[in-house]
Amino acid sequence: MTKFTVVTITYNAESVLQRTLNSVLTQTYEDVEHLIIDGASTDGTLSMAEGYKAKSDASENGHKVIVRSEPDDGIYHAMNKGLTQASGDYIVFMNAGDSFPATDTLEQVAHRCHLNELPTDSLPAVLYGNTNIVDANGNFLHPRRLQPPAKLNWRSFRHGMLVCHQAFYARTDIAKNLQYDTQYKYSADVDWCIRVMKEADRFGLPLTNISLVVANYTEEGTTTRHHRESLRERYKVMAHHYGQLSTFFMHCWFAVRNIISR
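Bear in mind the structure is a predicted one, so any value in this text is a computation, not a measurement.

Attention shifts here to the packing of helix 6 (residues 188–203) against helix 8 (residues 227–242). Remark: helix 6 packs on helix 8, axes separated minimally by 9 Å, with the N-to-C direction vectors making an angle of 20°. As the angle between them shows, helix 6 and helix 8 are arranged roughly parallel. Considering only the axes of helix 6 and helix 8, their crossing is right-handed. Contacts between helix 6 and helix 8 pair Val190, Asp191, Ile194, Arg195 and Lys198 from the former with Arg234, Val237, His241 and Tyr242 from the latter. A per-class count over the contact of helix 6 with helix 8 returns four nonpolar, one polar and four charged.

This is the structure in C-alpha cells:
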C-alpha cells in the first residue's frame, strides 16, 4: 500500500493547530505517517501535539505519529528536518492551521491516481490538486485564485505558483535529494516545487492532476504577512529558473492582469 507522510511545522501554534491534527487523525486511509516538527514552542503547542500522539497511538486505526521539538533556523530548515525523516512514498506539508477538507481526502488521492495498482518505481513524481482558502477559524472563504492546470510541468510556474504547496504531493525518494534552499525566507517552497518538477522531467515521470480539492489553506500565513518581501523573493526564484527577460515580461503581464481583474 502506498504510504503518505504528512509533515506539520509548528511554532507557538496552539490557537490553530488542533484542526490540523484533527484532519490528519480522522483520515480514513490506513497508511499515514504524521511528523510534527516543532521549533521549541513556549506555549501549549507541544503538549497539544503529545496529547494527539497519545490519542493516535491508543487508537486501533491510529496513524504513526512522531513529534520532534527543538530550536530551528526557520520554517524551511524545519521542513528539511521533515524531509530527512519521512518514510512514506509521498510527502505533503500540512502546516499548523491548514487541513485536509474531508476525512477521506487521502483515500480519494490514492483511488483517483490508482496508486495502489502501480509498482513503486512507476508512481507519478508529483500528485497535485486544488485548494480552498479558509479564515483563521477554518471557515471557507473562497477557492484559491490561482488554479492548477490540467497538465502541469516545471515551466508552468512561470505563470505564478499555480499549485499551492499544501496541495503538492512529491515522491519522497525524489524530494529527499532536494532540500529546501534556506537562503530564501518566504519563497523556498516555490523554488523547491520547481526543482522537484524538473527532476520529474529528467526521469520522465508524470505529474498527475488529482482533480480534487485536497487542502484547506489558512489565508493569514507568513507569506501573507510579509507580502512585499515574498514577492521580491519569488521574482528572484523565477528569474533563476526561467531567465531574467522571461520573468520581467511575465511580471508585466501579472500587473496588467491584476488591474483588469479589479
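Counting residues in each nonpolar core, the largest one holds 72 residues, and the members touching the most others are Phe4, Phe157, Phe168, Tyr169 and Trp192. Sort the elements by how many residues they give to this core and helix 6 lands first, with eight residues.

Further remarks concern helix 3 (residues 75–85). Of the positions making up helix 3, those classed as buried are Tyr76, Ala78, Met79, Asn80, Lys81, Gly82 and Leu83. Its buried side turned inward, helix 3 meets strand 1 (4–10), strand 2 (32–38), strand 3 (64–69), strand 4 (90–93), helix 5 (172–175) and helix 6.

Within the secondary structure, Asp191 sits in helix 6. Given a relative accessible area of 3%, Asp191 falls into the buried group. In terms of polar contacts, Asp191 uses its side chain to reach the side chain of Arg195, at 2.9 Å. The contact partners of Asp191, leaving out residues within four places of it in the chain, are Asp181, Tyr184, Val237 and His241.

Now for the pattern of salt bridges. Summed over all chains, the structure comprises seven salt bridges. With its nearest N and O atoms 3.9 Å apart, the salt bridge here joins Lys64 to Glu33. With Lys64 in strand 3 and Glu33 in strand 2, this residue pair connects regions lying 31 residues apart in the sequence. On the accessibility criterion, Lys64 (46% relative accessible area) is partly exposed. Looking at Glu33, the relative accessible area reads 1%, which means it is buried.

One pass over the full model with this rule turns up nine aromatic pairs. Taking the centre distance of 5.1 Å and the plane angle of 70° together, the rings of Phe4 and Tyr29 count as edge-to-face. Of the two residues, Phe4 sits in strand 1 while Tyr29 sits in the loop between helix 1 (14–25) and strand 2, which places them 25 residues apart along the sequence. Summarising the burial analysis for this pair, Phe4 and Tyr29 share the class buried. Seen from their ring centres, Phe93 and Trp192 are 6.0 Å apart, and the 90° between their planes marks the pair as edge-to-face. You can see Phe93 sitting in strand 4 and its partner Trp192 sitting in helix 6, a full 99 residues away along the chain. A relative accessible area of 1% places Phe93 in the buried class. Residue Trp192 is classed as buried on the basis of its relative accessible area of 0%. What links up through ring pairs into an aromatic cluster is the set Tyr76, Phe93, Phe168, Tyr180 and Trp192. The positively charged end of Arg202 is found above the aromatic ring belonging to Phe203, 4.5 Å away from the centroid.

Conventions used here
- Residues numbered from 1 in each chain as written.
- Predicted model: local features only at pLDDT ≥ 70, side-chain atom pairs only at ≥ 80, totals over all residues.
- Heavy atoms only, no water.
- Axes fitted to C-alpha atoms, helices over the stretch in contact; angles between N-to-C directions.
- Helix = DSSP H or I, 4+ residues; strand = E, 2+ residues; numbered from the N terminus.
- Parallel < 35°, antiparallel > 145°, perpendicular 65-115°, else oblique.
- Left-handed = near helix turned anticlockwise from the far one by under 90°.
- Contact = heavy atoms within 4.5 Å.
- Nonpolar A, V, L, I, M, F, W, Y, C, P; charged D, E, K, R; others polar.
- Core = buried A, V, L, I, M, F, W, Y, C linked by side-chain atoms within 4.5 Å.
- Buried < 20%, exposed > 50% of the residue type's maximum accessible area, 1.4 Å probe, protein only.
- Polar contact = N/O pair within 3.5 Å; in protein donor to acceptor, adjacent residues only side chain to side chain.
- Salt bridge = Lys/Arg side-chain N within 4 Å of Asp/Glu carboxyl O.
- Phe/Tyr/Trp six-rings, centres within 6.5 Å; stacked < 30°, edge-to-face > 60°.
- Lys NZ or Arg CZ within 6 Å of the ring centre and 35° of its normal.

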